[in-house]
Each structure stands twice: as C-alpha cells, then as structure tokens.
Amino acid sequence: MKKYGFLILISVVFTACQPKLNVPAVTDDNKNLNSLTTLEIGDNIIFLQDFILNPAAIDSVTSSSNGLKIAVSADKLNAKLTVQPEMEQFVDVNIWVKGVAYSLPCRKTDKIDYTFSFDAQSKRYKRIQIAGQMNDWTASRTPDLKLNEKGLYEVTINLSPGTYLYQMALDGEQNHDVTNPNKVDNGFGKYNSILQIGGKNDSFPALLTDKISGYKISLSLQNQANNIFVYWQNYRLPNKFLKIGNKKISINIPAEARKIDRSFIRVWASNEYGVSNEILIPLQKSEVLTDSKYITPNDKHAQIMYFMLVDRFKNGDASNDKPLNRPDVNPKADYWGGDLAGLQQKIEDGYFEKLGVNTLWISPLNQNPTEPYGYYAPMKTKFSGYHGYWPVSSSQVDFRFGTNDEFKTLVSKAHENKINVLLDYVANHVHEAHPLYKQHPEFATNLYLPDGSLNVEKWDEQRLTTWFDTFMPSLDFSNPKVVDMMTDSAILWMKEFNLDGFRHDACKHVNLEFWRMLTLKMKQNFPDKTIFQIGETYGSPRLIASYLTTGMLNGQFDFNVYDIANTTFAGIGGSDLKQVETILNASLNIYGNHNLMGYISGNHDKPRFMAYASGDLKFGEDTKAAGWKRKIGITDSTAYDKFFLFHAFNLTIPGIPVLYYGDEIGMTGGNDPDCRRMMRFDGWNKRESKLWNSIAKLTHLRRNNPVMMYGDFMNIENTGKTWVYARKYFDKQAIVFINNSDKSCTFEVELPKVLKTQQLKATFGTKFETKSHRIRVVLPAYSVEVLIN
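Residues numbered from 1 in each chain as written. Predicted model: local features only at pLDDT ≥ 70, side-chain atom pairs only at ≥ 80, totals over all residues. Heavy atoms only, no water.

### Concerning the overall build of the protein
Then, number 1: Tallying secondary structure elements over the protein gives 15 helices and 43 strands in all.
Then, number 2: Its C-alpha radius of gyration of 26 Å places the protein within 12% of the 28 Å reference for a compact globule of 789 residues.
Then, number 3: Along the first, second and third principal axes, the C-alpha set of the protein runs to 80 × 70 × 65 Å.
Then, number 4: In the protein, which comprises 789 residues, the share counted as buried stands at 59%.
Then, number 5: Total accessible area on the protein is roughly 32,100 Å²; 50% of this is exposed by carbon and sulfur atoms.
Then, number 6: Across the protein, 90 positive and 85 negative side-chain charges occur, with their mean positions spaced 6 Å apart. (Helix = DSSP H or I, 4+ residues; strand = E, 2+ residues; numbered from the N terminus. Rg over C-alpha atoms; globule rule 2.2 N^0.38 Å. Buried < 20%, exposed > 50% of the residue type's maximum accessible area, 1.4 Å probe, protein only. Areas by Shrake-Rupley, 256 points an atom, 1.4 Å probe, with all protein chains shown as cover. Lys, Arg positive; Asp, Glu negative; His and termini not counted. Charge placed at Lys NZ, Arg CZ, Asp CG, Glu CD.)

Okay, here's the thing in structure tokens:
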C-alpha cells in the first residue's frame, strides 16, 4: 500500500507542475484543428464558419501584426484580411468567442515573379501560350508569350517556388516543350514537361522533435528564428509555457490536455526568409503519444487506405449477378459480379487485417442504369454502369451489388474489425435517368455554351459547368437548392450506414459552397464523430489546396507526386529520384509536413504501374487503346521489384498511403477498363506472393510505429538513382534506403547528428555497419531497406 501511495504522490507532484491555460479544453464551437491558412498580398476572404460553428457568437477577429488589416462582415460569416507586403512571414489571427481567443495560424504567400522563356527555334507561330499547373491547364489565364530582344519568347508569372507540369500551346496545338528534356508521360499519348522554380533563399528555420521529459517537450531548431508559434489545439501557448534557447525550444504541455484522450501540439517558426516545417505532436491525455497501442481508428494520420471497385473485387453472391449480356456491350465494359457479400467475406476472413489495411474506400454504390450508355468507336462498344459513377438514385444501393441492409451489415462488420469505411460519393453529376434531372432539368448546367458548342469534357476552361458526357448532367451548384439537396443526400448516407466519411469524386468541378455546406452539416449532425473526407482534383497544387481547410476537406490525392513517382520507379524518363524529391518537397511545403493527402499506388483511371515497369506498355502510347487492342502481360519480372520500391515510398513518407486493389500482388493492365480486371485471391505466383508479403511487412511496420505516422521528414542524400531519407519522432527514427538502379549499390552515408545509429534494426534483414554517425549498407538492384529503432 505504501508503494502505491508513493506513486500517487509522484503523480500529483507532476500534475501540479503542469501550467494551466485557463481555457475550456473542448468547446462545441471549435472542436477541429484550425488549418494553416496561406494569405496572398492584398485582400483575402476567410469564412469564419470554417473555424467557428456558430459565427454569431464571435466577438471580434484580431491580430497583432501591423501589416494585416481585418474587417469582419456584419453577419460575421466572413472576414476580409488585407495583407500588406511588409507583413511578417507568419502571423497569429485570433477569433474571439465569449472572451476566449481561438488561433488561426496564417503564413504569407511565398510567390515570386518568374520569367518563363521559350525558344521557338526559328519557327514562326502566330500565338505562343503556356498551359499547365501554373494556370490550371487553361492557357487563356496567362498572357501570351512575347518576343524579347534575345529572340526568345517569354512571359512573367507570379508563382510559388516548386515544380509545375506544363505543355506549350503553339497556334492552338498543345504538346510538351521540345526544348525542355525533363518530361513525364501524361497517359494520353503525350508528355507533360517539367518546370522547376527555385526559391529566394533556404535560410528559413527548420524544426525537429528532440526529447520528452514528463510533461515537457523539447525541439531542436536549425537556422535563426525571429518568432516561435506553439499551439495546443487552437490555443497559442503564452511565453510561460516556453523556454527558447539558441537551438532548443522547450514546451510545457498544458494541464487541460489531461481532459482529452487525443489532442495535439503544433509548432511553427519564422524569420525574414520564410516559415519552417510544421511540428505535429499527438498527445494521449497529457503525455506524448509514443505507443501504438493507444492509436485508434479515429487517428487520421494512422490510416492505410485500400480502394476497390466493388464489381471487380469478389463475387460473394451469384444470385445478384445481372450482366447486360448484350452484343453492343463488350464484356470488358459489362458487370462481372463483384458485390458487397464478396467484400464482407474478405473483411471477415481477415484479408485486410493481414495486409495491414485499416480504411476501405468503396466505389459508388448508388443504383446505376440498367441500360448501356456512352460509346467507344474503335471497339464499337457501349458501357454498363458497373463502376457506379452514373447514379440514377441518391439513396438506394444498386441491386447488382446487394441491398441497403447488406451494406449496413458490412459497415458494422468492418467496425468490429477496427476498419473505417469511406464511400465514394458522386456529387458533381447524375445520370439523365435520375428523377432529380427528370423533374428539375433546371438544376443542371447548360449542355451547350453560348457559341452553340457542346460543353462536354472541358475540364479546365469550363471547370464548374462542363458535363462529363451528354447523358451525365452536371448539377448547378451555384443554385442554393441544389447545394442543400445534395448535401442532405450525403448526410443521409452517413446516417443510414454509419459511414466514417467519403472519397469525393470530381471535386474541382463542384463549387466551394457545396463543400462548405456539407462539412458544416457534418459538424452539426455528427458533433462527436471523427469524419474523414478526401477528394479527387486534377490540377495545380494551389487549386488542390484551396479545398483543404477546417471547413471543407481533410485531404486530396496528390497526383503530382504520383505522376513523377510512377514514371521514375517504373524506369522511364531518366528515372531521376531527385525529381521525385523536388516534387515531394513542394507538396510538403504547400500541404504541410503532416498532411492527410492520399499517396496512391494507382487507381481506376490510370494504366497499371506493372504494365509500364515490365515494358509491356510504352510511355507515350495511347494506354486506353492499348488495353483494348492487346493482352498486356508481364514480360519482365523485375517490375515486381520496381513496384515494391513505389509501395515502400508511399508507405514511408508523410500522408495517407492508398493501395489500389490488385496492386498488392502486381496486377497489370492498360488504362480503363483494362486496369479494372477482376481481383485474384488465389493462384498467386512466387513474385506476387513475395510482393504481398513485403507490402504487409511495411504496412504493419507503419501501424506499429508512431515515427512512421508523425515523424519529421528529413532528406539525407539523393544521387538520382539512390535516395536516403528519414522520419524522426523524438528518440525514434526510421531511415529509408532506396536503390532504384539495375545494379547493386553501396551506401556510405553520414547521418545528421540529430539521428543516432544505435539499436537500429533492418526491416528486411539487410546487413549494415555503423560507426559514429556513418552507416554502410549494400543493397541489390531495385531494392529498399528501412532501418528503425
């Protein structure tokens, strides 16, 4: 008894040493972490309801910066933040509610004026334009290039440092820049060129987690910092919680953290050159989370996602098989029998748990038409709606997949197995047979533009109104009635089936008003539920990021990293890992070092990685036509090794790894529909089994080690063919070695002093040597090792 009394006394003493913030630990108005907001020079509008559920309760919005002027609208729904050029690189905006200040961290844009030049090589053009991620692939949004005194065509664009894919539009003909050797395949028979824009200076601060001592956290600081911003939840910690030295920052965890199972410490530093990386530290009660046993399905950074097309996954109930079986529908475009019963069988037999997956993204389940639509002339075929993206109902599960009750049972079984379920939700459009369109055609955008041309597949120039096909009306989300109806539909699916969130289709084609209203209704209807929403947007990083805020989406798929990593690991276009590093760094700068972006191995709209890596699909060819015209196999088995490098990359960087069904065994195929072959669960060859086992080893490594989810990201060495990077989380570290060459490679790496070589273990059994801060590792061709303590 004396022993326990002593322990209680120690606990009381430690608790008493924790300083208090004297603020409410949890409030109904502000439960989610306020996202970092980037402010442009000039006027910026922020929507206060993104951050405060009841904006009528707001007292005021303030900031101590002289370079920032704030004006709140009369209805308190938004605030205009006017940024002067002299504003600091990072500022804290306070939203006051009932005398309590909730912090909104803000950074100033890092955009610079960049002059792009093009050598026409003595050819004459009437008009020279650039179209790419810098203008969301719409050439008219950037001035035409003009001839300068050196004989080059140029244009000045205001852009953030980073990497941009682009094409040249020469008299209206769009293709890659022949004067730029750096390019990647775009999957449609052409290439995209790569433009790299460097920053002004790299002397901005850098932060790393260092030590934990009871309720105190210490960080290491590189480069001078003029200001340190430390937040617990949405409260900025005052100076009494901090001790700032020359290269160290000490932080006291506030006593209020004891009242919440999961809360977060976030830290940024700034100086005249820019803003540091973000530090994100999860807390279990008032202690730093260091043990994976405390991680729950509510921890968003712990997700490993798996996406399947239900029709192509597993047939568990032959009684609902209803293929069209029509001569005008090619079998590749018909229903194949996959259903909810089959998916539930794989949940219950432990397939996903063994693979290490804890979140399922399920393709749309809405009832789709019973007749075929569309037409692919080269194969003279129409298509069934096997994929689920042609909804004719907003509430009913397609009878070919199962019933509403079956879906409820499936979600319940997934939750029993600690698996989250995200449903693919289609908001942008309906099928022409949907009752909504039949009864209210005015709720759709116009199929024809004012000049009489069809407004179909104009993905960028008519982004918010274009139809995907003539039988798929895009809904008009500038109409509040449409916003209200479609957000109510999504809430119905959440309530009816107890979902954990959504994968949202075609996000950039839907007005922001929809996303704000949907997320607001989510907060209102499910105040105590952790919900994850991830979107699909093809476009510039800035366009993608415009949907990422506390009031809209948690993440989107990072197709920019996918595109360059896909070609590089497949062995195409020079295979330069430095380009992957550059684009990844740009993403981390824009989306944050602890983002919730999805990093995919592939998807249903892309040719399979294995087809490229094995050489059976050629970069630059029409990958859709190839999938129709010939049987694509795997003639070079080293493709399996290359694919594991890609998987290992996705599973060891920040963000959410996303496995496309079949990629765990290296299925192959051209573009849609060839990339949608039926999943196989038996008859695997040795290479397929080895790939599956290697991926499972890494998924479980990630799930069992918080350093893989919350660790700071550190680039160490990149030669183009090899890459060494690390994740660091206080005294835990994981060091990743990638050999993307066709020869054995010896790594002899000098580690930064903040990394230690003691107690490291090789995940895949590679022998290594350490001496002081040096590590020597020998890796075979196309292989990877993760050293972790």
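### What about empty space enclosed by the protein?
Then, number 1: For the structure shown, the criterion picks out 6 cavities of 30 Å³ or more.
Then, number 2: Reported here for the largest cavity is a volume of approximately 110 Å³.
Then, number 3: Lining the largest cavity are Gln133, Pro161, Gly162, Thr163, Tyr164, Leu165, Pro541, Asn560, Ile583, Ala586, Ser587 and Ile590.
Then, number 4: Of all elements in the fold, only β12 (162-170) and α10 (577-591) reach the threshold of two or more residues within the lining of the largest cavity.
Then, number 5: Residue composition of the lining of the largest cavity, by class: 7 nonpolar, 5 polar and no charged. (1 Å grid on protein atoms, 1.4 Å probe; cavity = no way out; pocket = protein on both sides within 12 Å on 5 of 7 lines; lining within 4 Å. Points joined across faces, edges and corners; volume = space filled by probe spheres on them. Nonpolar A, V, L, I, M, F, W, Y, C, P; charged D, E, K, R; others polar.)

### Focus on the state of the cysteines
Then, number 1: Tallied over the full model, the rule gives 0 disulfides.
Then, number 2: With no disulfide of its own, Cys507 lies closest to Cys675 among cysteine sulfurs, the gap being 20 Å. (Disulfide = S-S within 2.5 Å.)

### Digging into the sheet that holds strand β1 (residues 37-39)
Then, number 1: Spatially, β1-β7-β6-β3 is the arrangement adopted by the 4 strands of the open sheet, whose pairing is mixed. Either end of the sheet is taken by a strand with one partner, and the two such strands are β1 and β3 (58-63). With strand direction ignored, the average angle separating the axes of adjacent strands in the sheet is 30°.
Then, number 2: Where strand β6 (residues 90-97) and strand β7 (residues 100-108) come together, 8 bridges link them in antiparallel fashion. Following the sheet pairing, Asp92 is matched in β7 by Pro105. (Pairing = 2+ DSSP bridges. Axes fitted to C-alpha atoms, helices over the stretch in contact; angles between N-to-C directions.)

### As for the packing of helix α6 (residues 480-497) against helix α7 (residues 512-525)
Then, number 1: Contact geometry for α6 and α7: axes closest at 9 Å, N-to-C directions at 40°. When the interaxial angle is binned, α6 and α7 end up oblique. At the point where α6 passes α7, the crossing takes the right-handed sense. Contacts from Val483, Asp484, Met486, Thr487, Asp488, Ala490, Ile491, Met494 and Lys495 of α6 reach α7 at Glu513, Phe514, Met517, Leu518, Lys521, Met522 and Asn525.
Then, number 2: Grouping the constituent residues of the contact of α6 with α7 by class yields 9 nonpolar, 2 polar and 5 charged. (Parallel < 35°, antiparallel > 145°, perpendicular 65-115°, else oblique. Left-handed = near helix turned anticlockwise from the far one by under 90°. Contact = heavy atoms within 4.5 Å.)

### A word on the pairing of strand β39 (residues 745-750)
Walk down a regular strand and you will see the side chains alternate between the two sheet faces.
Then, number 1: Only one face of β39 is covered, namely the face carrying Cys745, Phe747 and Val749; the face carrying Thr746, Glu748 and Glu750 is uncovered.
Then, number 2: Pairing of β39 with strand β42 (residues 774-779) involves 6 bridges; the strand directions are antiparallel. The residue bridging Cys745 from the neighbouring strand is Leu779, located in β42.

### Some thoughts on the sheet that holds β39
Then, number 1: Overall, antiparallel pairing links the 3 strands, which are arranged β39-β42-β41 in an open sheet. If you trace the sheet from one side to the other, it starts and ends with β39 and β41 (768-771), each paired once. When strand polarity is set aside, the average angle formed by the axes of neighbouring strands in this sheet is 15°.
Then, number 2: Pairing of β41 with β42, which is carried by 4 bridges, proceeds in the antiparallel orientation. Paired with Lys771 across the bridge in β42 is Arg774.

### With respect to the pairing of strand β31 (residues 501-504)
Then, number 1: The side-chain alternation of β31 yields two buried faces, one formed by Gly501 and Arg503 and the other by Phe502 and His504.
Then, number 2: Sheet topology places β31 next to strand β32 (residues 532-535); 4 bridges connect them, and they run parallel. Looking at the pairing, Arg503 lines up with Ile534 of β32.
Then, number 3: Following the chain from β31 across α7 to the adjacent parallel β32, one finds a crossover that is right-handed. (Right-handed = clockwise from strand over helix to strand, strands pointing away.)

### Re the pattern of salt bridges
Then, number 1: Inspection of the entire model under this criterion finds 40 salt bridges.
Then, number 2: Here Asp210 makes a salt bridge to Lys248, at a shortest N to O gap of 2.5 Å. Here Asp210, found in strand β16 (residues 206-213), pairs with Lys248, found in strand β21 (residues 248-252); they are 38 residues apart in sequence, far enough to count as distant.
Then, number 3: Exposure remark for Asp210: the relative accessible area of 16% places this residue in the buried category.
Then, number 4: Salt-bridge contacts for Arg676 lead to Asp672; the nearest nitrogen and oxygen are separated by 3.4 Å. (Salt bridge = Lys/Arg side-chain N within 4 Å of Asp/Glu carboxyl O.)

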